[in-house]
Amino acid sequence: MALTFPGQGAQHPGMGRAWVAGAGWALAERAAEITGRDVVDLLLHADETHLRRTDNSQLATFTLEMVIFQELSEVLPTAVHPLVCAGHSLGEYSALVAAGILSFDDGVRLVAARGAAMRAACAAEPGTMAVILGPAVEDVEEAAASVRAEGGRVWVANLNSPQQSVLSGAEDDLARCCGLLGKAKIVSIPVGGAFHTPLMTPAAESFRQVLGTVEFRPGHAPVVANVDARPHQGGEEWPALLERQLASPVRWTESVRTMADDLSCDTFVEVGPGRTLSGLAKRISPQVDRLTVNDPERLPALAQTTTRDAA
């Protein structure tokens, strides 16, 4: 079994309401104590605009994923000791907690600091992002390189599947790059920053200090890192990997293949709001079984099956 955790963008207003009655909800209250932020309000009452703000969406999404993971662990004991974990961008922090490499408290501290650092970087150097559907990743990378060769600032930030990538960079340069992609379907992402590009280097530099204040433990399972799509378990590796992640592309296609092919995972369990990662896994490695845990009503069924529930 591989546990996967979605990242920023999976959030939606009221996403915590279905989970209030469970024992795992105490983690939302704990996150509020640690950060001094009204995390409960973010999960229950924040509107779309407020929840979209980088620091809010990251803190809310991470906390909800940990609430859901706690509930899942009660009904599916194998989730406590998965073969491997992985998370998309922000979701990597949830994966590290699930793998025992980070404590929940340290995970909350890092996510809050990461969101604040990224928000500051966005204010200093605005940017935007867009999903590119259709062209091969190599063609998107070639278009971005041609714009950069003329002084532009645009990069491929996410390699999500063989036919889905994400461009990130300065707004005008990104628009020029999209113009080179012919009939590709382009979906704008409503963010104010160029995440996972060199424009996030100031955020990575400030975040480095916070990474040095928490404990990274050996853990009980490896986590496949976004930056190199390889499994890492030793705690000493993770500060550098997480610092690099802010300004490096998310290699999700390779990460899924590492889990499915190299590590022989045959069941992927997506823990968190939405089902984006299950959809990507279907395109990348259709042979794996896919389970989604985004509603407490799914928990009884999950308690009875750990193999087949095709998404």
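Here is what the cut-offs are and how they apply
Residues numbered from 1 in each chain as written. Predicted model: local features only at pLDDT ≥ 70, side-chain atom pairs only at ≥ 80, totals over all residues. Heavy atoms only, no water. Helix = DSSP H or I, 4+ residues; strand = E, 2+ residues; numbered from the N terminus. Rg over C-alpha atoms; globule rule 2.2 N^0.38 Å. Areas by Shrake-Rupley, 256 points an atom, 1.4 Å probe, with all protein chains shown as cover. Lys, Arg positive; Asp, Glu negative; His and termini not counted. Charge placed at Lys NZ, Arg CZ, Asp CG, Glu CD. Phe/Tyr/Trp six-rings, centres within 6.5 Å; stacked < 30°, edge-to-face > 60°. Buried < 20%, exposed > 50% of the residue type's maximum accessible area, 1.4 Å probe, protein only. Core = buried A, V, L, I, M, F, W, Y, C linked by side-chain atoms within 4.5 Å. Contact = heavy atoms within 4.5 Å. Arc of directions from axis to C-beta. Polar contact = N/O pair within 3.5 Å; in protein donor to acceptor, adjacent residues only side chain to side chain. Salt bridge = Lys/Arg side-chain N within 4 Å of Asp/Glu carboxyl O. Pairing = 2+ DSSP bridges. Axes fitted to C-alpha atoms, helices over the stretch in contact; angles between N-to-C directions. Disulfide = S-S within 2.5 Å.

Asker: Now, about the overall build of the protein chain: what can you tell me, with residues and values included?
Answerer: Per the secondary structure count, the protein chain includes 13 helices and 10 strands. For the protein chain, the C-alpha radius of gyration of 18 Å lies close to 19 Å, the compact-globule estimate for 311 residues. When its C-alpha atoms are laid out on the principal axes, the protein chain stretches across 55 × 45 × 40 Å. Counting only carbon and sulfur atoms, one obtains 50% of the accessible surface of the protein chain, whose full area is about 12400 Å². A distance of 4 Å separates the average location of the 25 positive side-chain charges in the protein chain from that of its 37 negative side-chain charges.

Asker: Let's hear about the packing of aromatic side chains: which residues, and what values?
Answerer: Going through the model one piece at a time under the given rule, you end up with three aromatic pairs. With centroids separated by 6.4 Å and ring planes inclined at 65°, the aromatic side chains of Phe5 and Phe69 adopt a geometry described as edge-to-face. Taken together, the residues Phe5 in strand β1 (residues 2-5) and Phe69 in helix α4 (residues 54-75) connect sequence positions 64 residues apart. Each member of the pair, Phe5 together with Phe69, is buried.

Asker: Any details on the nonpolar core? Residues and values, ideally.
Answerer: Of all hydrophobic cores here, the largest spans 71 residues; its most connected members are Leu3, Phe62, Leu72, Phe216 and Trp238. When neighbours within four sequence positions are excluded, Leu3 is seen to be in contact with Phe69, Ala79, Pro82, Val84, Cys85, Ala86, Ala98, Val269 and Val271.

Asker: So what's going on with helix α1 (residues 26-35)? Residues and values would help.
Answerer: Among all positions of α1, only Leu27, Ala28 and Ala31 are buried. Viewed end-on, α1 has its buried residues packed into an arc of 105°, placing them on one side of the element. Where α1 is buried, its residues touch α2 (39-44), α4 and α6 (104-124). Just beyond α1, the residue with positive phi is Gly36, at close to 70°.

Asker: So what's going on with the environment of Thr128? Which residues, and what values?
Answerer: With respect to the element layout, Thr128 can be found in strand β3 (residues 128-133). Sequence separation between Thr128 and His220 is 92 residues, and the spatial gap between their C-alpha atoms is 37 Å.

Asker: Explain the side chain of Ser57 to me, and be specific about the residues and the numbers.
Answerer: Within the fold, Ser57 resides in helix α4. Within the structure, Ser57 has its side chain in polar contact with the side chain of Gln8 (distance 3.2 Å). Once you skip the residues sitting within four places of it in the chain, Ser57 turns out to touch Gln8, Gln11, Leu51, Arg52 and Leu90.

Asker: Quick one: what's the story with the side chain of Glu71, residue by residue and with numbers?
Answerer: Relative to the elements of secondary structure, Glu71 occurs in helix α4. Put simply, Glu71 is tucked away with no salt bridge, and the nearest opposite charge, on Arg298, sits 14 Å away. There is a polar contact of 2.6 Å between the side chain of Glu71 and the backbone nitrogen of Gly24. Excluding residues within four positions of it along the chain, Glu71 makes contact with Trp19, Gly22, Ala23, Gly24, Trp25 and Leu299.

Asker: Requested: an account of the sheet that holds strand β6 (residues 185-189), with residues and values cited.
Answerer: Spatially, the four strands line up as an open sheet ordered β4-β5-β3-β6, and their pairing is antiparallel. The open sheet terminates on both sides in strands that have one partner only, identified here as β4 (154-161) and β6. The sheet shows a mean angle of 25° between the axes of neighbouring strands, taken without regard to direction. Across the face of the sheet, helix α12 (residues 276-284) comes into contact with β4 and β5 (164-169) while running at roughly 80° to β4.

Asker: Which residues make up the state of the cysteines, and what values do they have?
Answerer: Inspection of the entire model under this criterion finds zero disulfides. A disulfide-free cysteine, Cys85 has its sulfur positioned 9.4 Å from the sulfur of Cys265, the nearest such atom. Look at Cys85 and you get buried, because its relative accessible area is 0%. Cys178 takes part in no disulfide bond, and the closest cysteine sulfur, belonging to Cys177, lies 6.0 Å away.

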